Amino acid sequence: MTITTASLLLYAGAMALLWLTPGPVWVAITARALSGGFASAWPLAFGVALGDLIWPLFAIFGLSWVVDQWSGFTDALRLVAVALFIGMGVLLIRHAADPISNDRRLTRPGRWAGFAAGVAAVFANPKAILFYMGALPGFFDLRHVTAVDIAAIAAISMLVPLAGNLALGLAVGSARAKLATPERLRLINLISGGLLIAVGLVLLALSLYG
């Protein structure tokens, strides 16, 4: 294993922060749990997890070939990762009070419908692959990753959001009333945005002084 535990922990923290940013899947998990309980919410969570497992693998293998051809590409993408996290943080803070949009396609009843909706939510979202293409080189040197490294990165990419979605599904009875108010949502967005900017600054420091 060539990647460090610190890099994995930083990446896991970044994934957790991204999960904390409310969006259609976040709302769909809540809506499905309210309508059908945890049994209705977990299929969608696992559908999303499948995409979260496959996208980073596409990014890793595609980027590994590119960085073999041009070593400076890694440094360039590291700066892209910095800009990505800081940009997301700034946008999240600027739109902290915006209401969450609900995509009804994600809330259809049935386990298979929930699972399929979760898969579609990830694969139909170009931001997912753009995130992994831009962010992964900021955390790891893809020129030297091993099979164990790739397995660890893919596992974190899948398990962190999955754990969050399952926990949300379990706790939605009490969490929905507290977190869905405009005031609480704005506070969550402000905190998440600030932490995303902090991750970007950490990556910048590692790039300059690491």
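In this text, all values refer to a predicted model and were calculated from it rather than measured experimentally. (Residues numbered from 1 in each chain as written. Predicted model: local features only at pLDDT ≥ 70, side-chain atom pairs only at ≥ 80, totals over all residues. Heavy atoms only, no water.)

**Re the overall build of the protein**
Regarding its fold elements, the protein presents eight helices and zero strands. Shown N-terminal to C-terminal, the secondary structure of the protein runs as helices and strands in the order α-α-α-α-α-α-α-α. Across the 210 residues that make up the protein, the buried fraction comes to 40%. In the protein, the proportion of contacts linking residues at least 24 apart, taken out of those at least 6 apart, comes to 89%. (Helix = DSSP H or I, 4+ residues; strand = E, 2+ residues; numbered from the N terminus. Buried < 20%, exposed > 50% of the residue type's maximum accessible area, 1.4 Å probe, protein only. Contact = heavy atoms within 4.5 Å.)

**Observations concerning the side chain of D149**
Topologically, D149 is positioned in helix α7 (residues 147-179). Residue classification places D149 among the buried residues on the basis of a relative accessible area of 0%. Polar contacts involving the side chain of D149 include one to the main-chain amide nitrogen of T146, which spans 2.8 Å. Beyond its immediate sequence surroundings of up to four residues, D149 is in contact with M1, T2, I3 and H144. (Polar contact = N/O pair within 3.5 Å; in protein donor to acceptor, adjacent residues only side chain to side chain.)

**Section: the confidence of the model for the protein**
When pLDDT is averaged along the protein, the result is 74, and 65% of the positions lie at 70 or above. Mean pLDDT across the elements of the protein ranges from a minimum in helix α2 (residues 24-36), with 68, to a maximum in helix α1 (residues 5-20), with 87. (pLDDT = per-residue confidence, 0-100.)

**Side note on a nonpolar patch on the surface**
Together, F38, W42, F46 and L170 make up an exposed nonpolar region whose accessible area comes to about 380 Å². Exposure remark for W42: the relative accessible area of 30% places this residue in the partly exposed category. (Patch = residues over 30% accessible without salt bridge, like charges linked within 9 Å, V, L, I, M, F, W, Y side chains within 5 Å. Areas by Shrake-Rupley, 256 points an atom, 1.4 Å probe, with all protein chains shown as cover. Salt bridge = Lys/Arg side-chain N within 4 Å of Asp/Glu carboxyl O.)

**Structural notes on the environment of A152**
In this fold, A152 is placed in helix α7. Among all residues touching A152, those that are not within four sequence positions of it are M1 and L8.

**Here we look at the nonpolar core**
For soluble globular proteins, the rule of thumb is that nonpolar side chains tend to be buried together. Core analysis: the largest hydrophobic core is formed by 21 residues, its most contacted members being Y11, I60, Y132, L136, F140 and I153. Residue assignment for this core shows that the elements contributing at least two residues are α1, α3 (38-69), α6 (126-139) and α7. If we ignore the near neighbours within four places in the chain, the residues touching I153 are I3, Y11, I60, L136 and F140. Of all hydrophobic cores here, the second largest spans 11 residues; its members include L44, A45, V48 and L162. (Core = buried A, V, L, I, M, F, W, Y, C linked by side-chain atoms within 4.5 Å.)

**So, α1**
Its 16 residues give α1 an end-to-end C-alpha distance of 23 Å, which sits within 8% of 22 Å, the value for a rise of 1.5 Å per residue. Of all the positions in α1, only L8, Y11, A12, A14, M15 and L17 are classed as buried. (Expected span 1.5 Å × (residues − 1).)

**Here's the deal with the packing of aromatic side chains**
Evaluation of the coordinates by the stated rule reveals four aromatic pairs. Judged by centre distance (5.2 Å) and plane angle (70°), the ring pair of Y11 and F139 falls under edge-to-face. Here F139 lies in helix α6 and Y11 lies in helix α1, a separation of 128 residues in the sequence. Accessibility assignment for this pair places Y11 and F139 in one class, buried. Note on W42 and F46: the rings are 5.9 Å apart at their centroids and 85° apart in plane angle, and the pair reads as edge-to-face. Taken as a pair, W42 and F46 lie in helix α3 at a separation of four residues, close to a single helical turn. Taking the relative accessible area as the measure of exposure, F46 reaches 37% and is therefore partly exposed. Site record: aromatic cluster; members linked through ring pairs are Y11, F139 and F140. (Phe/Tyr/Trp six-rings, centres within 6.5 Å; stacked < 30°, edge-to-face > 60°.)

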